[in-house]
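Secondary and tertiary structure notes
One-letter residues, chain by chain:
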Amino acid sequence: MAKERSPEEVKELIKKLAARRAREEARRKESSPPPTVPSPAPSPAPAPSPAPAPKRRSFNFSTSLSGAGSNWGVPLFWFAVLVQLVDVVYLRFNRSSALNLAIICYLAIAIFAFLVLKPKGIFRRDNLALALAFLGISAGYILVPFYLKYLPNIGVGAGLKFMDWVNFFIMIIPAWPIYLANNIDSPKITKFMNFYISFWVLGLAILFISTFAMNIRAGDIARFGGQASVAIDADPVFNYLTETGVKTWKKMWTTINPTILVTTVINNSGLAYYTGTVDENEKQPVGLYISNIRASDDVFYANTPVTIWADIKGKSFNEEIVVTPTCLVDTTSKNGAPGVVEPLTMKFLGEETQTMTCTFPNLSVGSHRIKILAPFNFETWAYLTYSFADLSLMRSMQTQGKDVNRELEVPRFPEAVYTNGPVFLGMGSEVEQPIPVDKVNNDREPILGVTIEDKWTEGKLRQVNKFIMMIPTDFELVKCDAWFPETKKEPVEKDVDGYDHYEFKREDLGDIRTTFQSLTCRLHIKDPVQFLAGQQKVQRTFAVLASYDYYLEDGITVRVKE
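Counting starts from 1 at the beginning of each chain's written sequence and moves along it residue by residue. Reporting in this predicted model follows two pLDDT cut-offs: at least 70 for local features of residues, and 80 or more for side-chain atom pairs to be given and counted; totals over whole chains, interfaces and linings ignore these cut-offs and use all residues. Excluding hydrogens and water, the side-chain values take into account all heavy atoms of the structure.

Regarding the overall build of the protein
Helix and strand definitions follow DSSP, with helices as H or I runs of at least four residues and strands as E runs of at least two, each counted in order from the N terminus. Scanning the protein from terminus to terminus reveals 14 helices and 21 strands. Each of the 562 residues in the protein was classed as buried or not, and the buried ones make up 38%. It only takes one pair of heavy atoms within 4.5 Å for two residues to be counted as in contact. Within the protein, contacts between residues separated by at least 24 positions form 76% of all contacts whose residues are at least 6 apart in sequence. Total accessible area computed for the protein in this model is approximately 33,900 Å², and 58% of it derives from carbon and sulfur atoms. Burial classes follow relative accessibility: with a 1.4 Å probe on protein chains only, a residue under 20% of its type's maximum area counts as buried, one over 50% as exposed, and anything between as partly exposed. Throughout, the Shrake-Rupley method with a 1.4 Å probe supplies accessible areas, and for residues the shown protein chains are the sole cover considered.

Observations regarding the packing of aromatic side chains
Aromatic rings in a pair are described by how distant their centres are and how their planes are angled relative to each other. The pairing test for Phe, Tyr and Trp rings, Trp by its six-membered ring, is centres within 6.5 Å, and the orientation test on the planes gives stacked under 30 degrees, edge-to-face over 60, and tilted for anything in between. Scanning the entire structure with this criterion turns up 22 aromatic pairs. For the ring pair Trp483 and Phe504, a centre distance of 5.4 Å and an interplane angle of 20° mean the geometry is stacked. Of this pair, Trp483 sits in the loop between β17 (475-478) and β18 (493-496) while Phe504 is found in strand β19 (residues 499-505), placing the two residues 21 residues apart along the sequence. Note on accessibility: Trp483 and Phe504 belong to one class, buried.

A closer look at the confidence of the model for the protein
A residue's pLDDT is simply how confident the predictor is in it, with values from 0 to 100. Residue-level pLDDT values for the protein average 75, and 70% of them are 70 or greater. Under a pLDDT of 50 for its full length, residues 36-41 has, in the predicted model, zero contacts with residues more than four places off or in other chains. Across residues 54-69, confidence stays below pLDDT 50; counting only partners more than four residues off in sequence or on other chains, it has 23 contacts.

Concerning the packing of helix α3 (residues 73-91) against helix α4 (residues 99-117)
To obtain each axis, a line is fitted to C-alpha atoms, and for helices this fit is confined to the stretch in contact; angles are then taken between N-to-C directions over 0 to 180 degrees. Following both chains from N to C, one finds α3 and α4 inclined at 160°, their axes separated by 11 Å at the closest point. By the angle class used here, α3 and α4 are roughly antiparallel. Crossing angle aside, the handedness with which α3 passes α4 is left-handed. Judged by residue contacts, Gly73, Leu76, Phe79, Ala80, Val83, Gln84 and Asp87 of α3 engage Cys105, Tyr106, Ile109, Phe112, Ala113 and Val116 from α4. Residue classes in the contact of α3 with α4 are distributed as ten nonpolar, two polar and one charged. Working definition: roughly parallel below 35 degrees, roughly antiparallel above 145 degrees, roughly perpendicular at 65 to 115 degrees, and oblique for all remaining angles. Handedness of a helix crossing follows the sense of rotation of the near helix relative to the far helix, less than a right angle counterclockwise being left-handed and clockwise being right-handed. Throughout this entry, Asp, Glu, Lys and Arg are counted as charged residues, while Ala, Val, Leu, Ile, Met, Phe, Trp, Tyr, Cys and Pro are counted as nonpolar. The remaining residues, Gly among them, count as polar.

Brief notes about the state of the cysteines
Two cysteine sulfurs form what is called a disulfide whenever their separation falls within 2.5 Å. Evaluation of the coordinates by the stated rule reveals two disulfides. Bridging Cys327 to Cys358, the disulfide has an S-S length of 1.6 Å. Measuring the twist about the S-S bond at about 75°, one finds the Cys327-Cys358 disulfide to be right-handed. Pair noted here: Cys327 is in strand β7 (residues 326-329) and Cys358 is in strand β10 (residues 346-360), with a separation of 31 residues, a long-range link. The disulfide partner of Cys480 is Cys521, and the S-S distance across this bridge is 2.0 Å.

Quick word on the nonpolar core
Counting residues in hydrophobic clusters, the biggest one holds 68 residues, and the most contacted among them are Phe467, Leu477 and Phe504. Looking at this core, the element that brings in the most residues is strand β21 (residues 537-561), giving ten residues. Take the buried Ala, Val, Leu, Ile, Met, Phe, Trp, Tyr and Cys residues and link them wherever side-chain atoms come within 4.5 Å; each set so joined is a nonpolar core. Phe93, Ala102, Ile142 and Leu204 belong to the second largest nonpolar core, which has 32 residues in total.

Some details on the pairing of strand β16 (residues 459-472)
Burial analysis of β16 places ten of its 14 residues in the buried class, which makes it a mostly covered element. Sheet topology places β16 next to β21; ten bridges connect them, and they run antiparallel. Paired with Gln463 across the strands is Asp549, a residue of β21. The pairing criterion for strands is at least two bridges between them, as found by DSSP. Looking at chain direction, β16 and β19 are connected through seven bridges and run antiparallel. By the bridge assignment for β19, Pro472 is matched with Tyr499.

Topic: the pattern of salt bridges
The term salt bridge refers to a side-chain nitrogen of Lys or Arg lying within 4 Å of a carboxyl oxygen of Asp or Glu. The tally for this structure, following the rule as stated, stands at 13 salt bridges. In this structure, Asp403 and Arg412 form a salt bridge, with 3.5 Å as the shortest nitrogen-oxygen distance. For Asp403, a relative accessible area of 8% gives the class buried. Its salt-bridge partner being Glu432, residue Arg412 comes within 2.9 Å of it at the nearest N-O pair. Here Glu432 lies in the loop between β13 (423-427) and β14 (435-437) and Arg412 lies in the loop between α13 (404-408) and β12 (417-418), a separation of 20 residues in the sequence. Overall, the relative accessible area of 28% leaves Arg412 in the partly exposed class. Here the salt bridges do not stand alone but share partners, grouping Asp403, Arg412 and Glu432 into one network.

Brief notes about unusual backbone geometry
Residue Glu342 is joined to Pro343 through a cis peptide bond whose omega torsion reads -5°. In this fold, Pro343 is placed in the loop between β9 (340-342) and β10.

What about the side chain of Asp549?
Mapped onto the fold, Asp549 is located in strand β21. With near-sequence residues (within four places) excluded, Asp549 lies in contact with Phe376, Asn377, Leu461, Arg462, Gln463 and Asn465.

Some words on helix α12 (residues 391-399)
Those residues of α12 that fall on the buried side of the exposure criterion are Leu391, Met394 and Met397. Take α12 and look down its axis: the buried residues cluster within an arc of 125°, on one side only. Buried-residue contacts for α12 involve β11 (366-390), α13 and β14. Working note: the arc is built from the helix axis to C-beta atom directions.

Digging into the environment of Phe146
Note on placement: Phe146 falls in helix α5 (residues 125-147). Along the chain, Phe146 and Arg95 lie 51 residues apart, while their C-alpha atoms are 7.5 Å from each other.

Some thoughts on the side chain of Ser387
Turning to its location among the elements, Ser387 is positioned in strand β11. On the basis of relative accessibility, which here comes to 3%, the residue Ser387 falls in the buried class. Not counting the four nearest positions on each side in its chain, Ser387 is found in contact with Val410, Gln433, Pro434, Ile435, Val538 and Gln539.

A few points about the environment of Ile290
Within the secondary structure layout, Ile290 lies in strand β4 (residues 287-295). When the C-alpha positions of Ile290 and Leu552 are compared, they lie 7.1 Å apart, and in sequence the two are 262 residues distant. For Ile290, the contacting residues outside a window of four places in its chain are Ala310, Asp311, Ile312, Ile372, Ala374, Leu552, Glu553 and Asp554.

Rendered as structure tokens:
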């Protein structure tokens, strides 16, 4: 009986037979004599069509970028990594102070990713889907931080909240770099990203397993047998993971060693200064806009008045906004010639629109650019709560392996809150909590800083008139950078509802040409023993009021004929 062959053996046999037949056919052709009768001439093959002359290719930006193997994919990947690092380390996904910068960076990534990775051709259905997907990824980066506060902030154990986990994974999962690494033809980048993902997956798994294994006690196992148990003295796993992740990112960032240029850009953009978020209790925003600028006629003639109309829309639900509109026409002088304005003052409370006129009795023949200005004085408030604890108590907790923030229920970094308005007002939220208090030496003086920066895109911050810092009477404000070389000044008002008021006027605040106004001071506790009064922690709220001049500007061009 023939042996049953497996499919693999059958395939091998077929290959051998095919090879044998090919060899026999070759030997037969070599041994056969050449034909003596000439074969009929073959029909002439059709002449090959001449190859088309190569077209002179013009440079096409989109074509030169597109394709997974394009060299542009590598710099795009590293740009996405750089944007992610800046967003994590400096911005911390805070969209209050640098929303415009985040929009520019992530929109740029989406556009260049589409140019680099899109298939050939422009009018393709999959191109539209790809563009929408890329815009969606970038929109997620920009919008997600605004809606995190709506997630349930429930406890998940070990002193951690659900929000802590969300923040942690947003920080360590870079969506754009991961996507680009998987869609560009670069083995080095693929290897780098595989290492990054493996590092976190394996690292978290090892930390979880090792922390669990190293902190388990025999008494816990004995409990299942009915014997007396021994309490487990273990560090909170989730807290340990969070701290480890933060430390790892800090070490990675320090190894990059940014150049002086990068540091300068960061400082000039205000990223290294004090931040805050808008008060949630103020549901209605504040707004002021110039709109619908129009001339009374299309063309004006010499020796006739030129009249311009403009609507000013205002919205304020906190306090009255007083606007003193002005107008001027550009001439050879720097400031231009003013026109006659009606009304001289506008007041807005609630939501309303008022119309102003600007008249020039006698303009010369030619084209003129007329500017409408709406200056107003405004005030923005901000407040921040600091937590303080006895230094010896904190050291005792740390020696026992306890987490001070979890034990005292204190957030590691406080969040400043400011009222709505045309500027962003941040406070010293980078001071780690709780702040230790040395009852013996009293040499711990935490900083308290404030930053004001233009937030509206429709106007401009003209000047900061003053800061008023409201300090609880337990403290005195010392060593302000605006006082140098003096280290101490008396408050302008003392003990107003438990606060001392320190005033910083315009001449103390530096050059208005800078992109932001910042002020930093130190806090000195007058009597640390009385301040703590035997409590584990003490909390105090600090406030600041910024008064400034702001103005809106818009314009229109008119023509005057003979």
